[in-house]
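Spelled out from the first residue to the last, the chains are:
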Amino acid sequence: MRPPGFTPGAYWGAMNATPTDTIVVRNSGALGGTVDVPGAKNSVLKLMATTILTDGTFELTNVPDIVDVAIMGELLAAIGVEMIRPEPGTLLLTNSGDITPVAPYELVEKIRASINVLGPLLTRCGEVRLSMPGGDDFGSRPIDMHVSGLEDMGAQFKFSHGYLEARCERLHGADIIFDFPSVGATENLLTAAVFADGRTTIDNAAREPEITDLCNFLVAMGADISGIGTSKLTVVGVERDALRPVRHHTVPDRIQAATYLAAAAVSQGELDVRGIRPTDMTMLLDRFTDMGLELTDIDDGLHVRAPERLRSIDIATLPYPGIATDYKPLIITMLAVADGVGIVTENLYPGRFRYVEELQRLGADVTTTGHHAVVRGVPRLSGAPVKAHDIRAGAAMVVAGLAAEGETTISGVHHIDRGYDDLVGRLRAVGAGIERC
Ligand code: EPU
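First, a word on what this report is: a plain description of the structure on this page. Source: prediction; values computed, not measured.

### Considerations on the overall build of the protein
The secondary structure content of the protein amounts to 15 helices and 26 strands. The C-alpha atoms of the protein give 21 Å as radius of gyration, which agrees with the globular expectation for 437 residues (22 Å, within 12%). Dimensions of the protein, computed from the C-alpha atoms along their principal axes, are close to 60 × 45 × 45 Å. Partitioning the contacts of the protein with sequence separation of at least 6, the portion at a separation of at least 24 is 74%.

Here's what the structure looks like:
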């Protein structure tokens, strides 16, 4: 049963978006003013999944108003954790203890982060049946590291009819070394290890700020985790009754923050971007400075001032603390109007260049070969209809529209709604000629 008040369509305006919605951007000159950035999608979805671990009511604040949160809420409701949103930015999640360890296809296929219920369900229930998560528009996204890590901890897996089924007695501690610091695999093993018998170490773990947020959440709940923020995490399993529900403030969204910095950059604007943690994006900010942005620390964020024309740089994506792959569509958009030639190398998702065709429609001079894009800056782009192929590519199209003469119409807006909390309203408030149709 859903508690009174849980009607996602009513709470999340964006849930009502249809695939035919568009965003129209008209070049409107320099942006100016203040943008407040909400909490991170890629943290809050994992915090939500982690509430499966123990009974009681959790309170999450700084929660972005995005479609992926609503979908994760639906998935958790199917599992047995009910969600309400008493006010914007706050979620109450109530785990009554009646957990069904099944994640059905209809919900899993909508949201990649549904894989994050695997660890909590398995360690809590000893069994789980999860529809296999699909790929993304930017390529296949395997889960072999999640599976082999959990097997090392004693789980047995079976795959049939598009579902993954896992069983275990109590999981046991294990020493796990990742070939690659996968964000999702680190999160699933962390949550699974919380109730495992003994000590689990995860070496070459991902150390994104969102992982640190999850660790801090788990520790507040009563988990025993050390090495937080480093690439070697150690979890000593606790008994089930050692955990308790908590209140937690979600870490700020560094990708949304970068989006507003990029919007200021291509519009020769000046913005205060608040509610962010510049220390979570140090390497990106260094590179933005190399491109000519003036960045000054202000209370709770950054003041950004763009130069008359950005300078080109070469850049490569890497796991944190490197330049995140999710920043890349924004960076390529900035390079598209910068002075000079920039080479961008993608090291995480080789197929993540599809939006380049859309930028070309706007007059960008970008060529791609394998993992690389060569971007020759042009003085300005020219508006045209373009498509958002995924969340970050969609945001980049909006930013590109700010740098284009005339009108740019972006379709596939439902992708943007998955990860951006009122991108249109926030940009309009700082002077962008932008509307949703
Ligand atoms: N990989 C494997 N096997 C695995 C796991 C990952 O080969 O078992 C590979 C993937 O195929 C990929 C790379 O490792 O090539 C990175 O995958 P990772 O597990 O680190 O990423 P993820 O957890 O699936 C999260 C974010 C992505 C972000 C990546 C990288 C969420 C919900 N998603 O995905 O965010 O790009 O980390 O930082 O947290 C987005 O927000 O738009 C988005 C795509």
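Additional details are given in the paragraphs that follow.
### So, the nonpolar core
Core analysis: the largest hydrophobic core is formed by 77 residues, its most contacted members being L381 and L427. For this core, the element with the highest residue contribution is helix α9 (residues 254-266), accounting for ten residues. When residues no more than four places from it in sequence are discounted, the contact partners of L427 are L31, Y260, A263, V398, L402, A432 and I434. With 73 residues, the next largest nonpolar core counts F58, L75, I99 and A185 among its residues.

### A short note on the pattern of salt bridges
Close approach of charged atoms allows side chains of opposite charge to pair. The final tally for this structure, using the stated rule, is 23 salt bridges. Across the pair K46 and E187 runs a salt bridge, and its minimum N-O distance is 2.9 Å. With K46 in helix α2 (residues 41-50) and E187 in helix α7 (residues 183-193), this pair connects stretches of sequence that are 141 residues apart. Comparing K46 with E187 shows no difference in burial state: the two are buried. Overlapping salt bridges bring together D21, D417 and R436 as one network.

### Brief notes about the packing of helix α5 (residues 118-125) against α7
As a packed pair, α5 and α7 sit with axes 7 Å apart at the nearest point and diverge in direction by 20°. Comparing the axis directions of α5 and α7 gives the class roughly parallel. Two packed elements cross with a definite hand, and for α5 against α7 that hand is right-handed. In this structure, α5 contributes L118, G119, P120 and T123 to the contact, and α7 contributes N188, T191 and A192. Grouping the constituent residues of the contact of α5 with α7 by class yields three nonpolar, four polar and no charged.

### Comments concerning helix α10 (residues 282-290)
Regarding α10, the residues found buried are L284, L285 and F288. The buried side chains of α10 occupy one side of the element, clustering within an arc of 95° when seen end-on. Next to the buried residues of α10 lie α9, β16 (294-298), β17 (301-305) and α11 (328-336). Count one or two residues on from α10 and you reach G292, which has phi positive near 110°.

### Digging into the sheet that holds strand β6 (residues 102-103)
Spatially, β6-β7-β9-β8 is the arrangement adopted by the four strands of the open sheet, whose pairing is mixed. Pairing within the sheet leaves two strands with one partner each, and these edge strands are β6 and β8 (156-160). Looking at chain direction, strand β7 (residues 127-131) and strand β9 (residues 163-167) are connected through five bridges and run antiparallel. Of the residues in β9, the one forming a bridge with L130 is L164.

### Notes on the sheet that holds strand β4 (residues 81-87)
Pairing within the open sheet is mixed, and its four strands lie in the order β4-β5-β3-β14. Where the open sheet ends on each side, the last strands, each with one partner, are β4 and β14 (247-249). The mean angle between the axes of side-by-side strands here comes to 20°, regardless of whether they run parallel or antiparallel. In terms of strand pairing, strand β3 (residues 56-61) meets β14 through three bridges, oriented parallel. Bridging from a neighbouring strand, L60 pairs with H248 of β14. In the packing of helix α3 (residues 67-79) onto the sheet, the strands contacted are β4 and β5 (90-95), and the crossing angle to β4 comes to about 140°.

### Points about helix α6 (residues 144-152)
The complete set of buried residues in α6 reads M145, H146, V147, G149 and L150. Buried-residue contacts for α6 involve α5, β8, β9, β10 (175-177) and α7. Once α6 ends, the next one or two residues include G154, with phi positive near 110°.

### Comments concerning the side chain of T90
On the secondary structure map, T90 appears in strand β5. What makes T90 buried here is its relative accessible area of 6%. Here T90 is in contact with E59, L60, T61, I84 and R85, once residues within four sequence places are set aside.

### Here's the deal with the site of the ligand
Taken together, 23 residues form the shell around the ligand, and within it K46, D144, M145, S182 and D326 come nearest. At 3.4 Å, a backbone N or O of P142 approaches an oxygen atom of the ligand. M145 has a polar backbone atom sitting 2.7 Å from an oxygen atom of the ligand. A total of 830 Å² of accessible area belongs to the ligand in isolation, and the protein chains cover 89% of it. Those elements that provide at least two residues to the shell around the ligand are α2, α6 and α7. In the shell around the ligand, the residues fall into nine nonpolar, six polar and eight charged.

Calculation criteria
- Residues numbered from 1 in each chain as written.
- Predicted model: local features only at pLDDT ≥ 70, side-chain atom pairs only at ≥ 80, totals over all residues.
- Heavy atoms only, no water.
- Helix = DSSP H or I, 4+ residues; strand = E, 2+ residues; numbered from the N terminus.
- Rg over C-alpha atoms; globule rule 2.2 N^0.38 Å.
- Contact = heavy atoms within 4.5 Å.
- Core = buried A, V, L, I, M, F, W, Y, C linked by side-chain atoms within 4.5 Å.
- Buried < 20%, exposed > 50% of the residue type's maximum accessible area, 1.4 Å probe, protein only.
- Salt bridge = Lys/Arg side-chain N within 4 Å of Asp/Glu carboxyl O.
- Axes fitted to C-alpha atoms, helices over the stretch in contact; angles between N-to-C directions.
- Parallel < 35°, antiparallel > 145°, perpendicular 65-115°, else oblique.
- Left-handed = near helix turned anticlockwise from the far one by under 90°.
- Nonpolar A, V, L, I, M, F, W, Y, C, P; charged D, E, K, R; others polar.
- Arc of directions from axis to C-beta.
- Pairing = 2+ DSSP bridges.
- Near = heavy atom within 4 Å.
- Polar contact = N/O pair within 3.5 Å; in protein donor to acceptor, adjacent residues only side chain to side chain.
- Areas by Shrake-Rupley, 256 points an atom, 1.4 Å probe, with all protein chains shown as cover.

That is the geometry; function is a separate question.
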